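Chain and residue survey
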Amino acid sequence: MSVSLGCQCLLHRFRQWLAARERRSNTTVDEETARLKTAAKTVQAELQKRADSATGDARAVLEATAMMAADPMLLKSANALIVAGTSAERAVWEAGAQVADMLRGLGGYMAERTQDVLDVRSRVVAELRGQPAPGIPTADHPFVLAAEDLAPADTATLNPERVLALITSSGGPQSHTAILARALGLPAVVAARGVEDIEDGTEVFVDGAAGTVLTGPGDVERTAAVIWAEQARSLGTYSGTCTTTDGHRVPLLANVGAGADARKAAEAGAEGVGLLRTEFCFLDRDTEPTVAEQSAAYRQVFDAFPDGKVVVRTLDAGADKPLPFLTDASEPNPALGVRGYRTELSTPGVVDRQLKAIAEAADGATTDIWVMAPMISTAEEARRFADSCAAAGLKVPGVMVEVPSAALTSRTILQHVNFASIGTNDLTQYVMAADRQLGPLAALNDPWQPAVLELIRLTVAGADAARGETDHDAQDGAGGDKSVGVCGEAAADPALAVVLVGLGVQSLSMSSRALAAVAAVIGSVSLADAQELAEKALAAPTALEARAAVRAGLPILETLGL
Ligand code: PEP
Ligand code: MG
């Protein structure tokens, strides 16, 4: 969605610390372990200080990294090496490598933490040596940051005024680095080829939307970058209302992970929260949070939208987001395993306790509160979830449609629940059988794929049928009205957002940063235009052709540089 020209490229690599003092000299085991303990504590305190001054995802990532500095496994392994005669520097270096290997072996979300451990060990070694912590290079002019990978702790605190774009040679599209760069609004290309060979000072052109990096750009790219920067500035902020030219309203909501994100979303004009990823509140927990803890976390989000809607998604643990208290790390195929709503099977009661916490948080709140379950595959699961919501006193139950079976059976599913929200990230990975974390499968993992668009169309058609069959008197005015929204990343692509509206999707939920662009593009077409573009997208034989056909019908994209 964005293009940026870097005047300079500072190639930043994490320093390869070669601990010179292989063996201890003149110090005892006790002295060396004490040095290590003090250095680790200092690093932890420094990271925690940075966490305290951050918000949202950045804060959560920094807190998790700070905890890593005090990780008992890391320190225990390092101490064992010290006892065997190694210096504290060497010990923490090697212990860090062992822990990183183990995390890498676990795969998924745990593998994404590898970079945290490697970052922490570099920081501890620097502290032991009395040297400055490794980090982002500084420059007196804006630059594109090129790196093998960045520690989340560094990504979280990048200054978007100085760093124009981010390119890394490793990392997947769902890695922490990619998620945080998106939250900062930085064009980012991860898993980019040839990044290691770029010399400091090289001029590069980064197209975050196309995922391309070009060295030695010409006048065309240079002009495009300048125009994009001007247009990004002029796009401004979301007014709080999104309407087509003929007055069709499309509520734009925000995807958030916690209270701080929700407050930012409210400031950005979001009309509510379309997806509260509750698992983000508890990623660093190894025991189930109490009902009181959960309720306090959710209440913060409700309080950010006293007059708006908040859609709470129950815990979506598993696959790339394991929660130690819920998921089994040894599953052979976690994306197809006990994840999302299915964790109710392995941990009976976890959903009911969460619903109780949501109901407690809702008590006295003026927010319009809807609740949905992730990874619903059958109408029977939807019925059970609706019963649990009713037992907890929660009036608007819904489901996420992210498994192809749910899209195909939305009519029967929506006979039990009030609304559906399409999670295009997972829907795409499941229908295309392409892991959403893998850079090399990005072309398959594209929500413009004909199969994905067709599943969205079928979901809406099923919902329309269910609405026609609903006994509205029996619904007790609860809300939802069998509506279909989209809360996957597809909603944040302005051209695809128009297609979704044309397909009959009623609300869109996205990162707050995308609101202004999506509203501007939807505001440039009538509902009939959107329907016509949706037809064109559905008729296209490939994702590329669908995107091209729709973009050709939306001249505003060019004008806004989107
Ligand atoms: C999705 O799958 O599209 C979705 C919104 O859920 P998550 O990205 O949290 O899996
Ligand atoms: Mg999902």
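Anyway, here's the lowdown on the structure attached to this text. Small disclaimer: the values here were computed from a predicted structure and weren't measured.

Describing the overall build of the protein
For the protein, the helix and strand inventory stands at 23 helices and 15 strands. Taking all 562 residues of the protein together, the buried fraction comes to 54%. For the protein, long-range pairs separated by at least 24 residues make up 66% of all intrachain contacts whose partners lie at least 6 apart in sequence. Accessible area of the protein: about 22900 Å², with a carbon and sulfur share of 54%.

What about the sheet that holds strand β8 (residues 252-256)?
The strand order β8-β9-β10-β11-β12-β13-β14-β15 describes a closed barrel built from eight strands, whose pairing is parallel. Strand-to-strand twist of the sheet, defined as the mean angle between neighbouring strand axes without regard to direction, takes the value 25 degrees. As paired elements, strand β11 (residues 368-373) and strand β12 (residues 397-401) share three bridges and run parallel to each other. The partner of M372 across the bridge, within β12, is G398. Contacts from helix α13 (residues 350-362) reach β10 (309-313) and β11, with the element oriented near 170 degrees to β11.

Some remarks on the site of ligand 1
The full set close to ligand 1 counts 14 residues, and R277, R313, G423, N425 and R436 are the nearest of them. Between ligand 1 and R313, the relevant distance is 2.9 Å, taken from an oxygen atom to a side-chain nitrogen or oxygen of the residue. The separation between an oxygen atom of ligand 1 and a polar main-chain atom of N425 is 2.8 Å. Relative to its unbound accessible surface of 290 Å², ligand 1 loses 99% to contact with the protein. Secondary-structure elements contributing two or more residues to the shell around ligand 1 are β9 (272-277) and α17 (424-432). If you tally residues by element for the shell around ligand 1, the top one is α17, at three residues. Counted by class, the shell around ligand 1 contains three nonpolar, four polar and seven charged residues.

Side note on the pattern of salt bridges
Throughout the structure, instances matching the rule amount to 20 salt bridges. Across the pair D303 and R299 runs a salt bridge, and its minimum N-O distance is 3.0 Å. Of this pair, D303 and R299 both sit in helix α11 (residues 291-304), four residues apart, which is roughly one turn of the helix. Judged by its relative accessible area of 26%, R299 falls in the partly exposed class.

Quick word on the pairing of β12
Of all five residues making up β12, five are buried, and the element is well covered by its neighbours. The alternating pattern of β12 places P397, V399 and V401 and G398 and M400 on opposite faces, both of which are buried. Here β12 runs beside strand β13 (residues 419-422); their pairing, made up of four bridges, is parallel. In the sheet register, V399 faces β13, and the bridge partner there is A420.

Looking at a negative patch on the surface
The grouping of E148, E196, D197, E199 and D200 at the surface amounts to a negative patch. Within the secondary structure, D200 is located in the loop between β5 (188-189) and β6 (204-207). For D200, a relative accessible area of 48% gives the class partly exposed.

Side note on the packing of α17 against helix α18 (residues 450-469)
Taken N-terminus to C-terminus, the directions of α17 and α18 make an angle of 120 degrees; their axes are 9 Å apart at the nearest point. Classified by the interaxial angle, the pair formed by α17 and α18 is oblique. Once α17 is placed against α18, the crossing between them reads as right-handed. Where α17 approaches α18, its residues T424, L427, T428, V431 and M432 are matched on the opposing element by A451, V452, L455 and I456. Across the contact of α17 with α18, the residue classes break down as seven nonpolar, two polar and no charged.

Considerations on the packing of aromatic side chains
Any two aromatic rings considered together are summarised by their centre-to-centre distance and by the angle between their planes. According to the stated counting rule, one finds three aromatic pairs in the structure shown. Ring geometry for F282 versus Y298: centroids 6.4 Å apart, planes at 80 degrees, classification edge-to-face. Taken together, the residues F282 in the loop between β9 and α11 and Y298 in helix α11 connect sequence positions 16 residues apart. Residue F282 shares its accessibility class with Y298, and that shared class is buried. Between W370 and F419 the ring centres are 4.7 Å apart and the planes differ by 50 degrees, which places this aromatic pair in the tilted class. Of this pair, W370 sits in strand β11 while F419 sits in strand β13, and the two are 49 residues apart along the sequence. Note on accessibility: W370 and F419 belong to one class, buried. Taking NZ or CZ as reference, K309 lies 3.7 Å from the ring centre of W370, over its face.

Considerations on the coordination of the magnesium ion (ligand 2)
Coordination sphere of the magnesium ion (ligand 2), protein contribution only: E402 (OE) and D426 (OD), at 2.0 to 2.2 Å. Residue E402 is located in the loop between β12 and α15 (404-408), and its partner D426 is located in helix α17; the two are separated by 24 residues in the primary sequence. Comparing E402 with D426 shows no difference in burial state: the two are buried.

Reading the values: rules and limits
Residues numbered from 1 in each chain as written. Chains lettered and ligands numbered in written order. Predicted model: local features only at pLDDT ≥ 70, side-chain atom pairs only at ≥ 80, totals over all residues. Heavy atoms only, no water. Helix = DSSP H or I, 4+ residues; strand = E, 2+ residues; numbered from the N terminus. Buried < 20%, exposed > 50% of the residue type's maximum accessible area, 1.4 Å probe, protein only. Contact = heavy atoms within 4.5 Å. Areas by Shrake-Rupley, 256 points an atom, 1.4 Å probe, with all protein chains shown as cover. Pairing = 2+ DSSP bridges. Axes fitted to C-alpha atoms, helices over the stretch in contact; angles between N-to-C directions. Near = heavy atom within 4 Å. Polar contact = N/O pair within 3.5 Å; in protein donor to acceptor, adjacent residues only side chain to side chain. Nonpolar A, V, L, I, M, F, W, Y, C, P; charged D, E, K, R; others polar. Salt bridge = Lys/Arg side-chain N within 4 Å of Asp/Glu carboxyl O. Patch = residues over 30% accessible without salt bridge, like charges linked within 9 Å, V, L, I, M, F, W, Y side chains within 5 Å. Lys, Arg positive; Asp, Glu negative; His and termini not counted. Charge placed at Lys NZ, Arg CZ, Asp CG, Glu CD. Parallel < 35°, antiparallel > 145°, perpendicular 65-115°, else oblique. Left-handed = near helix turned anticlockwise from the far one by under 90°. Phe/Tyr/Trp six-rings, centres within 6.5 Å; stacked < 30°, edge-to-face > 60°. Lys NZ or Arg CZ within 6 Å of the ring centre and 35° of its normal. Donors = N, O, S within 2.8 Å, 3.2 Å for Na, K, Ca; no water.

Without other data, these values stay purely geometric and don't point to any function.
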